[in-house]
Amino acid sequence: MEVAQRNPTHRPFCFSVKGHVKMLRLALTVTSMTFFIIAQAPEPYIVITGFEVTAIFFFIILYIFRLDRLMKWLFWPLLDIINSMVTTVFMIIVSVLALIPETSSMTVVGGAFGLLAAVSCLADGALIYRKLLFNPSGPYQKRPV
């Protein structure tokens, strides 16, 4: 009886380091948004974290279904890096603003989880950037001399 062999070069997104970091980023952002909703924090905190949850979920679905391989007309790693950096800036701003007045303990906990989400966004962006440097693709691919 013949055993089915998996292609060793294809690694599912959910089992990769990039997948784990993205899912950690999603979990931390959802947790931060949940604490902001429970604490009835100002609406911009909830809206910004909700937008970030939507964007992260979009990238996770994109990579799980390998749509980045299907839609080659857009350079997805660059878009992902830009998203990570913009998310880092927004989450740091929202988290610091949530931590400064100390209105509610739930708002402070939401701000703390927001700072953790910002750190995971930095890690995600650095991971994608490192992969982009070591594995370039497209017209700017390094050629041996």
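Residues numbered from 1 in each chain as written. Predicted model: local features only at pLDDT ≥ 70, side-chain atom pairs only at ≥ 80, totals over all residues. Heavy atoms only, no water.

Some words on the overall build of the chain
Check the secondary structure of the chain and you find five helices and zero strands. The buried share of the chain, reckoned over its 145 residues, is 34%. A fraction of 70% describes how many contacts in the chain between residues 6 or more apart in sequence connect residues 24 or more apart. Accessible surface, the chain as shown: approximately 9600 Å² in total, 71% of it carbon and sulfur. (Helix = DSSP H or I, 4+ residues; strand = E, 2+ residues; numbered from the N terminus. Buried < 20%, exposed > 50% of the residue type's maximum accessible area, 1.4 Å probe, protein only. Contact = heavy atoms within 4.5 Å. Areas by Shrake-Rupley, 256 points an atom, 1.4 Å probe, with all protein chains shown as cover.)

A short note on the packing of helix 1 (residues 17–38) against helix 2 (residues 43–64)
Where helix 1 meets helix 2, the closest approach of the two axes is 9 Å, and the angle between their N-to-C directions is 155 degrees. Taken together, the axes of helix 1 and helix 2 lie roughly antiparallel to each other. Like other packed secondary-structure pairs, helix 1 and helix 2 cross with a definite hand, here left-handed. For the pair helix 1 and helix 2, contact is made by Lys18, Lys22, Met23, Arg25, Leu26, Thr29, Val30, Ser32, Met33, Phe36 and Ile37 and by Tyr45, Ile46, Thr49, Gly50, Glu52, Val53, Ile56, Phe57, Phe59, Ile60 and Tyr63, respectively. Split into classes, the residues belonging to the contact of helix 1 with helix 2 amount to 14 nonpolar, four polar and four charged. (Axes fitted to C-alpha atoms, helices over the stretch in contact; angles between N-to-C directions. Parallel < 35°, antiparallel > 145°, perpendicular 65-115°, else oblique. Left-handed = near helix turned anticlockwise from the far one by under 90°. Nonpolar A, V, L, I, M, F, W, Y, C, P; charged D, E, K, R; others polar.)

Considering the UniProt feature "transmembrane region" (unreviewed entry) in the chain
Under the local residue numbering, the UniProt record ascribes the feature "transmembrane region" (unreviewed entry) to residues 21–39, 45–65, 77–100 and 106–129. A distance of 30 Å separates the end C-alpha atoms of residues 45–65, which is 95% helix and 0% strand. Secondary structure over residues 106–129 splits into 100% helix and 0% strand, and the C-alpha atoms at its two ends are 34 Å apart. (UniProt positions renumbered as here; feature names shortened; annotations may be inferred.)

A look at the environment of Asn83
Looking at where Asn83 falls in the secondary structure, it is placed in helix 4 (residues 76–99). The class of Asn83 is buried, set by a relative accessible area of 13%. Considered as a pair, Asn83 and Cys121 are 38 residues apart in the sequence and their alpha carbons are 8.9 Å apart. Non-local contacts of Asn83, meaning those with residues more than four positions away in its chain, are made with Arg25, Glu52, Ala55 and Phe59.

Observations concerning unusual backbone geometry
Even without a glycine there, the phi angle at Gln40 is positive, about 55 degrees. In this structure, Gln40 sits in the loop between helix 1 and helix 2.

Re the side chain of Arg25
Counting through the fold element by element, Arg25 comes out in helix 1. Judged by relative accessible area, which is 1%, Arg25 ranks as buried. A polar side-chain atom of Arg25 sits 3.4 Å from a polar atom in the side chain of Thr87. Excluding its chain neighbours within four sequence positions, the residues that come into contact with Arg25 are Ile56, Asn83, Ser84, Thr87, Ser120, Cys121 and Asp124. (Polar contact = N/O pair within 3.5 Å; in protein donor to acceptor, adjacent residues only side chain to side chain.)

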